[in-house]
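For reference, the chains in residue letters:
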Amino acid sequence: MRATLIGLGLAALTAGAATAGPLDAYRWRSRVLVLSAPDPDDAALRAQRAALGPMRGGAAERDLVVLEAVGDGAEARALRAHLSLPAGEFRAVLVGKDGGAKLTEAAPIPPQKLFATIDAMPMRRGEIRGR
């Protein structure tokens, strides 16, 4: 599993990973975009990465962490199992700070749709009001 972490260290992900679910380290701290693909050369995975690249500021503002479950390693399998994702197909899943899946797509999610979905969440609206 390849992780792009914004505002949270990788140590937080691995600490207690043997006893915790694969996303427990992020609960109530970060929203997670899980990108699942059968291999690193998957066209949809490459397109999603390219779309998110210039949007790092917007992702950081929304406490968004990107995790990749690519290939057939144990961590990728665990993350896919946790979210009930197929191993042989691309999926993008937005997980809220509460740990629930909020948006699942079989194609890359445009950043505008991703951010609009996050911005419509009650917790995010509260974060915006609190600023």
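Right, let's walk through the structure included here. (Residues numbered from 1 in each chain as written. Predicted model: local features only at pLDDT ≥ 70, side-chain atom pairs only at ≥ 80, totals over all residues. Heavy atoms only, no water.)

**Regarding the pairing of strand β3 (residues 64-70)**
The element β3 is largely enclosed, with a buried count of seven among its seven residues. Burial along β3 is two-sided: Leu 64, Val 66, Glu 68 and Val 70 facing one way and Val 65, Leu 67 and Ala 69 facing the other are all buried. The sheet contact formed by strand β2 (residues 31-37) and β3 spans seven bridges and is parallel. Pairing of Arg 31 across the sheet is with Leu 64, part of β3. (Buried < 20%, exposed > 50% of the residue type's maximum accessible area, 1.4 Å probe, protein only. Helix = DSSP H or I, 4+ residues; strand = E, 2+ residues; numbered from the N terminus. Pairing = 2+ DSSP bridges.)

**A short note on the side chain of Asp 42**
Examined against the element boundaries, Asp 42 turns out to sit in the loop between β2 and α2 (43-52). Among the polar contacts listed, one links the side chain of Asp 42 to the backbone nitrogen of Ala 44, at a separation of 3.1 Å. Each residue touching Asp 42, except ones within four places of it in the same chain, is listed here: Ala 37 and Phe 90. (Polar contact = N/O pair within 3.5 Å; in protein donor to acceptor, adjacent residues only side chain to side chain. Contact = heavy atoms within 4.5 Å.)

**Notes on the environment of Ala 76**
Here Ala 76 is to be found in helix α4 (residues 74-83). The class of Ala 76 is buried, set by a relative accessible area of 1%. Each C-alpha atom of the pair Ala 76 and Pro 22 lies 9.4 Å from the other, and the pair is 54 residues apart in sequence.

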